[in-house]
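Listed here are the chains, written in short residue letters.
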Amino acid sequence: GPKVLQIPSHQIIDMGQMVTLNCDPVSNHLYFYWYKQILGQQMEFLVNFYNGKVMEKSKLFKDQFSVERPDGSYFTLKIQPTALEDSAVYFCASSLGGPSYEQYFGPGTRLTVL
Amino acid sequence: GQQVQQSPASLVLQEGENAELQCNFSSTATQLQWFYQSPGGSLVSLLSNPSGTKHTGRLTSTTVTKERRSSLHISSSQTTDSGTYLCAIDPSGGNYKPTFGKGTSLVVHP
């Protein structure tokens, strides 16, 4: 079936550095999402993105976070600067239509901030 | 904010038994989705069911909107059903901003 890829699978960085998480969504999908899951805790919504714009974001989507999808390439989540509490697995998803459509998830990027 | 309670927290079955998972939420949901998270962490959308009953394969979801509850029934469980089942509610009616429950961890023994 359709696949969403995430690069890298693991990233270890020092607190205060910048990190960019990359998502390669399903090719004809129009809606994109990022979710965060701290180890052993529940999944949390971060942001959804459509037509070049953030449609909705949660309170976890701090000012240090930004998303973009330049020229239809990767959908990226940038964190600058990173903090210890940003350590988590970040899942990207995409859907053809709006959120009521089936979302396809990537395998996640495990981010460790030291 | 929106509260989502899932029960039971964990469930252990023998292969072939049925599972009944519950999701209760604190305010009106315009979107309700069930997801499966594998032991390895990857996620799969199972059903979107804000009201009524929906079937797909061995899964049946029933949502009673005015009672703010939804159930996910898994019939004839298989070992490959083992994992965590997440319920997510979006009350907004506009843009998507879901709240997830903590999940039900299902283990199916052969």
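You'll find the structure just up there.
Residues numbered from 1 in each chain as written. Chains lettered and ligands numbered in written order. Predicted model: local features only at pLDDT ≥ 70, side-chain atom pairs only at ≥ 80, totals over all residues. Heavy atoms only, no water.

### Quick look at unusual backbone geometry
Thinking step 1. Cis peptide bonds are those with omega within 30 degrees of zero, and the linkage from Ile7(A) to Pro8(A) qualifies with -5 degrees.
Thinking step 2. Take Pro8(A): it is sitting in the loop between strand 1 (5–7) and strand 2 (10–13).
Thinking step 3. Cis geometry marks the peptide bond from Ser7(B) to Pro8(B), where omega comes out at -10 degrees.
Thinking step 4. Following the sequence through the fold, Pro8(B) ends up in the loop between strand 1 (4–7) and strand 2 (10–14).
Thinking step 5. Phi at Arg68(B) takes a positive value of approximately 55 degrees, unusual for a residue other than glycine.
Thinking step 6. By the secondary structure assignment, Arg68(B) is in the loop between strand 7 (59–64) and strand 8 (69–74).
Thinking step 7. Taking the relative accessible area as the measure of exposure, Arg68(B) reaches 35% and is therefore partly exposed. (Helix = DSSP H or I, 4+ residues; strand = E, 2+ residues; numbered from the N terminus. Buried < 20%, exposed > 50% of the residue type's maximum accessible area, 1.4 Å probe, protein only.)

### Things to note about the interface of chain B and chain A
Thinking step 1. Contacts between the two partners involve 16 residues from chain B and, on the opposite side, 19 residues from chain A.
Thinking step 2. Across the interface of chain B and chain A, roughly 1600 Å² is buried in total on both sides, 57% from carbon and sulfur atoms.
Thinking step 3. Contact with chain A buries surface across chain B, with Leu43(B), Tyr96(B) and Phe100(B) losing the most and accounting together for 38% of the total.
Thinking step 4. Between chain B and chain A we count one salt bridge in total.
Thinking step 5. Salt-bridge contacts for Glu56(A) lead to Lys97(B); the nearest nitrogen and oxygen are separated by 4.0 Å.
Thinking step 6. There are seven residue pairs in polar contact (both at pLDDT 80 or more) connecting chain B and chain A.
Thinking step 7. Looking at the side of chain B that touches chain A residue by residue, the class counts come to six nonpolar, eight polar and two charged. (Contact = heavy atoms within 4.5 Å. Buried area = accessible area lost by both parts, 1.4 Å probe. Salt bridge = Lys/Arg side-chain N within 4 Å of Asp/Glu carboxyl O. Polar contact = N/O pair within 3.5 Å; in protein donor to acceptor, adjacent residues only side chain to side chain. Nonpolar A, V, L, I, M, F, W, Y, C, P; charged D, E, K, R; others polar.)

### Digging into the sheet that holds strand 3 (residues 19–25) of chain B
Residues and elements named next belong to chain B.
Thinking step 1. Strand order in the open sheet formed by five strands is 1-3-8-7-6, with antiparallel pairing between adjacent strands. Since the sheet does not close on itself, it has two edges, and those belong to strand 1 and strand 6 (52–56), each with one partner. The average angle at which neighbouring strand axes cross in this sheet is 15 degrees, direction not considered.
Thinking step 2. Inspection of the sheet shows strand 6 paired to strand 7 by five bridges, in the antiparallel sense. By the bridge assignment for strand 7, Gly52 is matched with Thr63. (Pairing = 2+ DSSP bridges. Axes fitted to C-alpha atoms, helices over the stretch in contact; angles between N-to-C directions.)

### Regarding the pattern of salt bridges
Residue and element names in this part refer to chain B.
Thinking step 1. Scanning the model with the defined rule gives four salt bridges over all chains in all.
Thinking step 2. Between Asp81 and Arg58 there is a salt bridge whose closest N-O contact spans 2.9 Å. Here Asp81, found in the loop between strand 8 and strand 9 (83–90), pairs with Arg58, found in the loop between strand 6 and strand 7; they are 23 residues apart in sequence, far enough to count as distant.
Thinking step 3. With a closest N to O distance of 2.7 Å, Glu67 and Arg69 form a salt bridge.

### A few points about the pairing of strand 4 (residues 31–37) of chain A
All names here are of chain A.
Thinking step 1. Of all the seven residues making up strand 4, seven are buried; the element is thus mostly covered by neighbouring parts of the structure.
Thinking step 2. The alternating pattern of strand 4 places Tyr31, Tyr33, Tyr35 and Gln37 on one face and Phe32, Trp34 and Lys36 on the opposite face, and all of these are buried.
Thinking step 3. Relative to strand 5 (residues 44–50), strand 4 runs antiparallel, the two sharing six bridges. The residue bridging Tyr35 from the neighbouring strand is Phe45, located in strand 5.
Thinking step 4. Connecting strand 4 to the next strand, strand 5, in antiparallel fashion are six residues, including Gly40 with a positive phi near 80 degrees.
Thinking step 5. Across seven bridges, strand 4 lies against strand 9 (residues 88–95) in antiparallel orientation.

### A few points about the state of the cysteines
Thinking step 1. In total, this model carries two disulfides over all chains according to the counting rule given.
Thinking step 2. The residue that forms a disulfide with Cys23(A) is Cys92(A), at a sulfur-sulfur distance of 1.8 Å. Measuring the twist about the S-S bond at about -60 degrees, one finds the Cys23(A)-Cys92(A) disulfide to be left-handed. Here the residue Cys23(A) occupies a position in strand 3 (residues 19–24), and Cys92(A) occupies one in strand 9, the gap between them amounting to 69 residues. The same class applies to Cys23(A) as to Cys92(A), namely buried.
Thinking step 3. Paired through a disulfide, Cys23(B) and Cys87(B) show a sulfur-sulfur distance of 2.0 Å. (Disulfide = S-S within 2.5 Å.)

Read these as geometric descriptors, not functional statements.
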